[in-house]
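Each chain, written out:
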There are 2 protein chains.
Amino acid sequence: MNSLIEQLGQQASKTASVLANCSTAQKNDALLAIARDLPAHTDEILEQNALDCKNAEQRGVAKPMLDRLRLDEGRIAAMAQGVSQVAALPDPVGEVLSMWQRPNGLTIGQKRVPLGVIGIIYESRPNVTADAAALCLKAGNAVILRGGSDAIHSNLAIARVMKSAVAGAGLPEDSIALLEDTSRQTAVDLMKCNRWVDVLIPRGGAGLISSVVQNATVPVIETGTGNCHVYVDQSADLQMAADIIVNAKASRPSVCNAAETLLVHKSIAQEFLPLAYRELTKAGVTLRGCPRTYQIIQAQPACEEDYATEFLDYILAVKVVDSLEEAIAHINQYSTHHSEAIVTESYAASQQFLQQVDSAAVYVNASTRFTDGFEFGFGAEIGISTQKIHARGPMGLKELTTTKYIIYGNGQIR
Amino acid sequence: MNSLIEQLGQQASKTASVLANCSTAQKNDALLAIARDLPAHTDEILEQNALDCKNAEQRGVAKPMLDRLRLDEGRIAAMAQGVSQVAALPDPVGEVLSMWQRPNGLTIGQKRVPLGVIGIIYESRPNVTADAAALCLKAGNAVILRGGSDAIHSNLAIARVMKSAVAGAGLPEDSIALLEDTSRQTAVDLMKCNRWVDVLIPRGGAGLISSVVQNATVPVIETGTGNCHVYVDQSADLQMAADIIVNAKASRPSVCNAAETLLVHKSIAQEFLPLAYRELTKAGVTLRGCPRTYQIIQAQPACEEDYATEFLDYILAVKVVDSLEEAIAHINQYSTHHSEAIVTESYAASQQFLQQVDSAAVYVNASTRFTDGFEFGFGAEIGISTQKIHARGPMGLKELTTTKYIIYGNGQIR
């Protein structure tokens, strides 16, 4: 084990026990200090960011990635505003979820407490540095950030400002740690630092997430990939269905809650597909369809692979199905279990879909794009879990906590 | 990837979606059929168990392990009774934890659903086969059991009876799968079967659990090891403290909620230690103490290692501490974060201990031996989680479920 990561982990663990005993006011003061200091250090942060951008350009990094990397005054202000918003959220720590008395007189309560040390492994967007640190801090956790090498100068500058703001507000500077060494080995060491790190949350593309799942011995909360479906039932309001699929596919194709496959009941395919085709095409979407689809509208033939792909692009797979049951079976086979929607006017179909589709968020008559911590009303989001343990779906502050049992006795023995 | 495990996993996943849609009555019928059929097949099970015991004796297996392996009519009856009790518990599936409406009219509910496919990896006690399968089934999950090679004939006999009972009650026979091949490779394949297995729960000694944590890419719920502490505060009722430490240490030393270290405030050490010594010695306990301890009572010198050891035996480490703060720091350093108790008459000390000790269960004036699903009133227990994500402390039926968001709209787009 890398002794650097061991040391960092041990320090973070010590800091976590300080943070677990801080008041909400102390944590909010630190967050507001960060929100105040980030814009005040705009020049310094932009200077370091320019270095990262120059390096990335020289390496010939693709344009969308360059855009994700680049900061400007507005983006730094938005980062700071995000931190203020976290300060304004209710503190999840200390809530007693339930408390009961046993026949022997023991009173047992389940109390919400911080997770402890959270490792965040992420890619090129430097705003994650501020977002993730703010959420972890609010929930009373120490955080170890491991950003991508592309953004290292920007991340270091942001972390420097945050650490100094936190220390100025009287909390441990080590509440926020950022790995300067962005080598693969350091990331792997972090993933295996079970003694000190309580949980890892990877944020990024499918490759990053799969690498963390494969390498980590520390518990992981898997986030992200979304192969989402919209199913248009035979009883659907067809205009509503068209509006929903256009929104779910084309309002922001690069995000995980965007739809990737449209399923259409055979009895309305003849009427619905031309309508959907017109509106999707107008939005710039190209279609890949099954044989029954391209007999009705213009579409490239879809292969098996297309139904399993998260395009993250203006491409939509289309399939005509014989029944609601076939739609549900298709979804449960190909989905990444993120978000799925049915458009229907049938009560029975809506209930069957909600019951049988095995995904984090299942919608009736709404776009899959609502799967988001803010849209759900959590006021924040650290990611969207696509695994089943600990958290499923959008994760807010509560998902950055655990519980402990507190037991009041008066001498009970067993 | 082993195609056998892949096939088994895929089949279990298919079965899980059937089980997720079964009624409580159907699941209870299957459980009651198991409870009825196990005692009816006592001879067959005992015959296979005799084979396991003979093999184990020939290999010179230690006596306590032989005892754990051996079944008799009473143990089979107890197994069946355990399954009946699970049938009588409330079904956790279907509960809507909360539901709220968003300003845009979307109604969002969080509903409890089964986890899906659960892998249980365990050691030589064949009763785990019935216990674990019953709990998984009640919570609507398919289970893949991987028991130890020592107990393979017993486990196969028990699984055969259960599968046939389940099928007779109209549920899929594959609701319960037991790996016949108990090689290490098969276990490792199961630990890496992320596509089909939702969670792994290891049940057994520290070696087994560590091997699962190190090898698994499937999410794991770590159970078990307990280096538990009792701290006797300066204001303690000393007779209550003696009763608690004797109970916590000696009522059943081989279990994870037994105490391993006694911490004593220096101001009452002179009075308390001789009392504790008399009662512990009477109960057969030997002590390993710090220098201040063995100046007062007879004890072997304790080394650093002793404070980090889960003895699971009639051995207790003892340390005299200067303050409550030192006791808390010692616990947070050496504990496995399972269960810890303070004995005190001080309100402030009790609150500080409950707040600052970072363990799954923290007690005031009660024995650590109460950390148990039955003692907590859950009516069942699949294990005691010592990790922080998903579940912490005793796990009952609720901990064998996840949630999904169900969202009712009327055409909302974003």
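Up top is the structure.
This report concerns the structure included in the present document. (Residues numbered from 1 in each chain as written. Chains lettered and ligands numbered in written order. Predicted model: local features only at pLDDT ≥ 70, side-chain atom pairs only at ≥ 80, totals over all residues. Heavy atoms only, no water.)

Once turned by 180 degrees and shifted 0.0 Å along the axis, chain B lies on chain A with an RMSD of 0.1 Å. The transformation relating the two chain copies, once decomposed into turn and shift, fits a two-fold axis. Taking the C-alpha atom as reference, chain B places His390(B) closest to the rotation axis, 1.7 Å from it. In this assembly, 100% of the residues forming the interface of chain B have copies in chain A that are likewise at the interface, indicating an isologous arrangement. (Least-squares fit on C-alpha atoms with pLDDT ≥ 70 in both. Contact = heavy atoms within 4.5 Å.)

Residue and element names in this part refer to chain B. Spanning 13 residues, helix α10 (residues 238–250) covers 18 Å between terminal C-alpha atoms, matching the ideal 18 Å at 1.5 Å per step. Of all 13 residues making up α10, eleven are buried, and the element is well covered by its neighbours. Every buried residue of α10 is listed here: Leu-238, Met-240, Ala-241, Ala-242, Ile-244, Ile-245, Val-246, Asn-247, Ala-248, Lys-249 and Ala-250. (Helix = DSSP H or I, 4+ residues; strand = E, 2+ residues; numbered from the N terminus. Expected span 1.5 Å × (residues − 1). Buried < 20%, exposed > 50% of the residue type's maximum accessible area, 1.4 Å probe, protein only.)

A cluster of like negative charges, contributed by Asp43(A), Glu47(A), Asp72(A) and Glu73(A), occupies part of the molecular surface. Tracing the chain through its elements places Glu47(A) in helix α3 (residues 42–58). (Patch = residues over 30% accessible without salt bridge, like charges linked within 9 Å, V, L, I, M, F, W, Y side chains within 5 Å. Areas by Shrake-Rupley, 256 points an atom, 1.4 Å probe, with all protein chains shown as cover. Salt bridge = Lys/Arg side-chain N within 4 Å of Asp/Glu carboxyl O. Lys, Arg positive; Asp, Glu negative; His and termini not counted. Charge placed at Lys NZ, Arg CZ, Asp CG, Glu CD.)

One pass over the full model with this rule turns up 14 aromatic pairs over all chains. With a centroid separation of 5.0 Å and an interplanar angle of 80 degrees, the aromatic rings of Phe376(A) and Tyr405(B) are classed as edge-to-face. Linking Phe376(A) in the loop between β13 (361–366) and β14 (383–385) with Tyr405(B) in strand β16 (residues 401–412), this pair reaches from one chain into another. Tyr405(B) carries the same exposure label as Phe376(A), and that label is buried. (Phe/Tyr/Trp six-rings, centres within 6.5 Å; stacked < 30°, edge-to-face > 60°.)

Time to look at the sheet that holds strand β7 (residues 228–232) of chain A. Taking strand neighbours across the sheet as the criterion, the ten strands line up as β10(A)-β9(A)-β11(A)-β8(A)-β7(A)-β12(A)-β13(A)-β16(B)-β2(B)-β1(B) in an open arrangement whose pairing is mixed. Lying at the two open borders of the sheet, with one neighbouring strand each, are β10 (300–301) of chain A together with β1 (96–101) of chain B. With four bridges joining them, strand β12 (residues 339–343) of chain A and β13(A) adopt parallel strand pairing. Bridge assignment links Ala341(A) to a residue of β13(A), and that residue is Tyr363(A). (Pairing = 2+ DSSP bridges.)

Attention shifts here to the sheet that holds strand β6 (residues 199–203) of chain A. Residues and elements named next belong to chain A. Reading across from one edge, β5-β4-β3-β6 is the order of the four strands in this open sheet, with parallel pairing throughout. Bordering the open sheet on either side are β5 (176–178) and β6, each of which pairs with just one other strand. Recorded for the sheet is a direction-independent mean angle of 20 degrees between the axes of neighbouring strands. In this sheet, β5 lies alongside strand β4 (residues 142–146) in parallel orientation, the contact comprising three bridges. Its bridge partner lying in β5, Val-143 is registered against Ile-176. Against the sheet, helix α8 (residues 184–191) touches β3 (117–122), β4 and β6, its axis set at about 150 degrees to β4. (Axes fitted to C-alpha atoms, helices over the stretch in contact; angles between N-to-C directions.)

Now for the interface of chain B and chain A. Contacts between the two partners involve 69 residues from chain B, matched on the other side by 69 residues from chain A. In total, chain B and chain A occlude about 5700 Å² of area from one another, counting both sides; carbon and sulfur atoms represent 52% of this. When residues of chain B are sorted by the area they lose upon contact with chain A, Ile389(B), Tyr405(B) and Arg414(B) head the list and together hold 15% of the total. Our count for the contact surface shared by chain B and chain A stands at four salt bridges. With a closest N to O distance of 3.7 Å, Asp198(A) and Lys388(B) form a salt bridge. Inspection of the region where chain B meets chain A yields 47 residue pairs in polar contact (both at pLDDT 80 or more). Here the side of chain B that touches chain A takes eleven residues from β16(B), the largest share from any one element. (Buried area = accessible area lost by both parts, 1.4 Å probe. Polar contact = N/O pair within 3.5 Å; in protein donor to acceptor, adjacent residues only side chain to side chain.)

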